[in-house]
Amino acid sequence: MRTTQGKVFSVLCFVLLVMVIALPSAAQQTQENTLDEVLLRGVLRVGAMLDWPPGGYRDEKGQPAGLFVDLAERMAKDLGVKLEIVETAGANRIPALVAKRVDVCIAGLTITPERAKVVHFSIPMERGAMVAMVPSKSAIKQFSDLKGKTAGTVRGTTPEIGYLEFYEKWKKENPNTKYISYDSNADQLLALKQGKVDAICENDIWFNDVIKKNPGQFRMVGPPYYYEWCGLAVRKGDQIWLNWINTWLWDLMVRGDLEKIYKKSGFPYWPVTPAYVK
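Since the model is a prediction, treat every value here as computed from it, not as a measurement.

With 55 residues, the main nonpolar core has L44, M75, V104, I106, L232 and W241 as its most contacted residues. With residues near it in sequence (within four places) discarded, L44 still touches V38, A72, M75, A76, L79, V81, K82, L83, E84, D103, V104 and W241. A132, Y163, C201 and V221 belong to the second-largest nonpolar core, a separate cluster that totals 14 residues.

Structure (structure tokens):
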């Protein structure tokens, strides 16, 4: 009897041991691996904003262009696959990624702890400052003058989140303080041109491009109310894909190719690089 019980116990221990060993393998098999999916599909789907020059826009032929597109083209080339640009408005960048409509988001997505709960970010690859832009003849001279005014923002973006911190305070002090949340930067800019808002809040890089293309019409007002670091984004848990992207980005930085891509698009280059990289 004891011998039989001993054999049963030994068998149970063996089965448990096999299960413990198999668990990591099973987890690895179920882990998302977009890198393999892209290589197998032969197409890289990149989510990019095309209403935010010089980051992303459509050229005179209606084709996607700008920094986001140039980076996407280089990534597809280095992967040895074709590229599909999926136009994604600012408010839809993370939803498009989570819904698996795109493989990676290259669209000026600011790195924040709150967003990092939903997606995984690459190493930082661009930075900027949030300010307001007003018509040239506006009486607004500095950012704090937006108290009592109507500001235009883009839904779910960092410029909006940063502005709302001031809005909550200003609203208590002056009930006339308002804001309108738009779906895209194009809608936001149109609202300012039509006089529906007194100012719009966004990244100074985009504002510089808008002012350059509309001479004498607009000016920026500060000081900056928020500073940002941006990165590429992948789905949460997609670690193998994220590892490849980080390695790829770092290699571009060290080789000096990333700077060339930035300069080609007219985008300011403020790198995150080690001291030995000139």
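Following the structure, the description resumes.
To continue, consider the pairing of strand β10 (residues 199–203). Regular strands have side chains that alternate between both faces of the sheet. In terms of residue burial, β10 counts as a mostly covered element, since 5 of its 5 residues are buried. The sheet contact formed by strand β8 (residues 150–154) and β10 spans 2 bridges and is parallel. Within the sheet, the bridge partner assigned to A151 lies in β10 and is A199.

Moving on, we get to the pattern of salt bridges. Where charged atoms from two side chains of opposite charge approach closely, those side chains can pair. Applying the stated criterion across every chain yields a total of 12 salt bridges. Between D70 and K264 there is a salt bridge, with the nearest N and O atoms lying 3.3 Å from each other. Residue D70 is found in helix α3 (residues 67–79), and its partner K264 is found in helix α9 (residues 257–265); the two are separated by 194 residues along the sequence. Classification of K264 by relative accessible area gives exposed; the value is 63%. Two residues, E114 and K117, come together in a salt bridge whose shortest N-O distance is 3.2 Å. E114 sits in the exposed class, given a relative accessible area of 54%. K117 sits in the exposed class, given a relative accessible area of 53%. One connected set of salt bridges, linked through shared partners, spans R41, R45 and D103.

Turning next to the packing of α3 against helix α8 (residues 239–255). Closest axis-to-axis distance for the α3/α8 pair is 12 Å, and the angle between their directions is 110°. As far as their axial angle goes, α8 and α3 are roughly perpendicular. Contacts between α3 and α8 involve L71, R74, M75, D78 and L79 from the first element and W241, W244, I245, W248 and L252 from the second. Its residues assigned to classes, the contact of α3 with α8 shows 8 nonpolar, no polar and 2 charged.

Rules of the game
Residues numbered from 1 in each chain as written. Predicted model: local features only at pLDDT ≥ 70, side-chain atom pairs only at ≥ 80, totals over all residues. Heavy atoms only, no water. Core = buried A, V, L, I, M, F, W, Y, C linked by side-chain atoms within 4.5 Å. Buried < 20%, exposed > 50% of the residue type's maximum accessible area, 1.4 Å probe, protein only. Contact = heavy atoms within 4.5 Å. Helix = DSSP H or I, 4+ residues; strand = E, 2+ residues; numbered from the N terminus. Pairing = 2+ DSSP bridges. Salt bridge = Lys/Arg side-chain N within 4 Å of Asp/Glu carboxyl O. Axes fitted to C-alpha atoms, helices over the stretch in contact; angles between N-to-C directions. Parallel < 35°, antiparallel > 145°, perpendicular 65-115°, else oblique. Nonpolar A, V, L, I, M, F, W, Y, C, P; charged D, E, K, R; others polar.

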